Amino acid sequence: MTGIEYDDFLDSAYEPVETDLICEFRLDPAAGMSMDEAASRVASESSNGTWAPLQAGEDVTDLSAVAFDIDADRALVAYPAALFEAGSLPQILSCIAGNILGMKAVDSIRLMDCEWPASLVEGFRGPQFGSEVRSELLDADGRPITATVPKPKVGLSTDRHVEIGREAWRGGVDLLKDDENLTDQAFNPFEERARRSLAARDELEDETGERKGYLINITAETDEMVRRAEFVADHGGRFVMVDIITTGWAAVQTVREACEELGLAIHAHRAMHAAFDRLDHHGVSMRCLAQFARLAGVDHIHTGTAGLGKLANEDTVGINEWLRSDLHGLNDVLPVASGGLHPGIVDQLLDAVGTNVCVQAGGGIHGHPDGTEAGARALREAVEAHVDGESLERRAETVPELAVALDEWGTE
Ligand code: CAP
Ligand code: MG
């Protein structure tokens, strides 16, 4: 193998082999550059090439990627499995989502999708529970899980936070969740919040006769996250929440390893994902971020609200389908719909995303005119009505909390 040049990485006749990792890129070549040239440079820079032609000797393993299926704005690139360190998301991403995102050869480039070969998938743990959390850790088999995040996001005292948790569980939600920027601050320290919220959860399980969960945010430096996960398990917790983009993939993999021993399910929040996926022509798609999260082994992940609610979404339905699809035997991941949801749009939401999901509402519960417990009941009843095939308006005739919610927020 001698003289590797940028243009050596293109082969329109290439037939991928079963062990290849296939990546789909959306490309906008720089001025004066053709799609073929740009795609070839992407394959080169993301595998073993560089800007200068190389004189590689016999003792160098050929790990070249190949750009092989190119149209007006899209290229497929096949990577040989030997290029990758099995089980290391950071190493894989340094190839397929690394230097190439900043190459001058393209004005923009976005990693759209990946097709994962069995040999790479086998290196990862994958989810411990996936959507089985509905029946293994909760009593939500056959219906969407309901969850809530106390608002305001930060500033509530531990006393108030625990009290809101009680009200929400009593009103009917399955899961209480911390907000993304609540971790271990002076106004509501982690250990006290964990201890008291989990004790309250026990009481509310007795009171309601339903299993409940607390998605406590352990997000921190990696060793500290593991320590917090152990603390949660020691105090009877069954779930932890991690902000997977801000902590980074290596940390997520470490937490997943720890959670195997501890028997904890991982709820993945995705704050900062939009830095990668908001622009539809550049970055890394949410579809791919969700794929990395499934490999790393989270059990739930936020994937948006199918265009409803307050936040911009990329193809929630397609991503959710991928999370449930077969991936060489790896468990599925339960999608979480969140962001500006309220009882009045639950019907439309579940029509779009199906019922094997978690429906999460903050403002749409705690902003209820009659308070958190009423808001929680309205959300739960809206979800149950959908599963029973009953309209929200009909259910509201017998559930005053839902009637008030529909009156307050409407059905759009
Ligand atoms: C929702 C939320 C969630 C976002 C995350 C918030 O609160 O707690 O973090 O939904 O977005 O802080 O905005 P509301 P995504 O129910 O009051 O809107 O699921 O898209 O990652
Ligand atoms: Mg939040």
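Basis of the calculations
- Residues numbered from 1 in each chain as written.
- Chains lettered and ligands numbered in written order.
- Predicted model: local features only at pLDDT ≥ 70, side-chain atom pairs only at ≥ 80, totals over all residues.
- Heavy atoms only, no water.
- Phe/Tyr/Trp six-rings, centres within 6.5 Å; stacked < 30°, edge-to-face > 60°.
- Buried < 20%, exposed > 50% of the residue type's maximum accessible area, 1.4 Å probe, protein only.
- Helix = DSSP H or I, 4+ residues; strand = E, 2+ residues; numbered from the N terminus.
- Lys NZ or Arg CZ within 6 Å of the ring centre and 35° of its normal.
- Contact = heavy atoms within 4.5 Å.
- Donors = N, O, S within 2.8 Å, 3.2 Å for Na, K, Ca; no water.
- UniProt positions renumbered as here; feature names shortened; annotations may be inferred.
- Polar contact = N/O pair within 3.5 Å; in protein donor to acceptor, adjacent residues only side chain to side chain.
- Core = buried A, V, L, I, M, F, W, Y, C linked by side-chain atoms within 4.5 Å.
- Domains from an automatic or database assignment.
- Buried area = accessible area lost by both parts, 1.4 Å probe.
- Salt bridge = Lys/Arg side-chain N within 4 Å of Asp/Glu carboxyl O.

For the rest of this paragraph, the subject is the packing of aromatic side chains. All told, the structure shown has 5 aromatic pairs when counted by the stated rule. Ring centres of Tyr 79 and Phe 84 lie 6.0 Å apart, and the angle between their planes is 55°; this geometry places the pair in the tilted category. Taken as a pair, Tyr 79 and Phe 84 share a single burial class, namely buried. Here the aromatic rings of Trp 249 and Phe 292 are separated by 5.7 Å at their centres, their planes lie at 90°, and the arrangement is edge-to-face. With Trp 249 in helix α9 (residues 249–262) and Phe 292 in helix α11 (residues 286–296), this residue pair connects regions lying 43 residues apart in the sequence. Comparing Trp 249 with Phe 292 shows no difference in burial state: the two are buried. Here the aromatic residues Trp 116, Trp 249 and Phe 292 are joined through ring pairs into a cluster of three or more. One residue, Arg 228, lies across the ring of Phe 190, its end atom 5.3 Å from the ring centre.

The exposure class of Phe 292 is buried, given its relative accessible area of 1%. Sequence-wise, Phe 292 and Leu 89 are 203 residues apart; in three dimensions their C-alpha atoms are separated by 7.2 Å. Not counting residues within four places of it along the chain, the set of residues in contact with Phe 292 comprises Leu 89, Leu 93, Leu 111, Trp 116, Trp 249 and Val 284.

The next point concerns the coordination of the magnesium ion (ligand 2). Every protein donor of the magnesium ion (ligand 2) is accounted for by Asp 179 (OD) and Glu 180 (OE), and the metal-donor separations fall at 1.9 to 2.0 Å. Relative accessible area serves as the criterion here: at 3%, Asp 179 is assigned to the buried category.

Within the element layout of this structure, Ser 88 appears in the loop between β3 (74–79) and α2 (89–96). In this structure Ser 88 comes out as buried when scored by relative accessible area, which is 13%. Separated by 161 residues in the primary sequence, Ser 88 and Trp 249 place their C-alpha atoms 8.9 Å from one another. With residues up to four places along the chain from it excluded, the contact list for Ser 88 reads Phe 124 and Gln 253.

Moving on, we get to the UniProt feature "active site" (unreviewed entry) in the chain. The sites that UniProt annotates as "active site" (unreviewed entry) are Lys 151 and His 269. When you line up the elements, Lys 151 lands in the loop between β5 (145–148) and α5 (158–171). Along the chain, the position of His 269 falls in strand β9 (residues 265–269). Those residues in contact with His 269 that sit more than four places away from it in its chain are Lys 177, Glu 180, Met 241, Val 242, Asp 243, Ile 244 and His 302. Side-chain polar atoms of His 269 contact the side chain of Asp 243, separated by 3.0 Å.

Moving on, we get to the nonpolar core. Ile 96 and Trp 116 are the most contacted members of the largest nonpolar core, which totals 106 residues. Both domains that furnish three or more residues to this core are identified here as domain 1 (8–122) and domain 2 (130–409). The residues contacting Trp 116, other than those within four sequence positions of it, are Leu 21, Ile 92, Ile 96, Val 121, Gln 291, Phe 292, Leu 295, Trp 322, Leu 327 and His 328. Listed in part, the 15 residues of the second largest apolar core include Val 133, Leu 215, Leu 334 and Cys 358.

On to the domain arrangement of the chain. As far as domains go, the chain holds domain 1 (8–122) and domain 2 (130–409). Between domain 1 and domain 2, the contact holds 19 residues from the first and 24 residues from the second. Looking at the side of domain 1 facing domain 2, the largest losses of area belong to Leu 89, Arg 110 and Trp 116, adding up to 36% of the total buried there. Summed over the shared surface of domain 1 and domain 2, the result is 2 salt bridges. If you look at where domain 1 meets domain 2, you find 20 residue pairs in polar contact (both at pLDDT 80 or more). Broken down by secondary-structure element, the contributors of at least two residues to the side of domain 1 that touches domain 2 are α2, β4 (106–115) and α3 (118–121).

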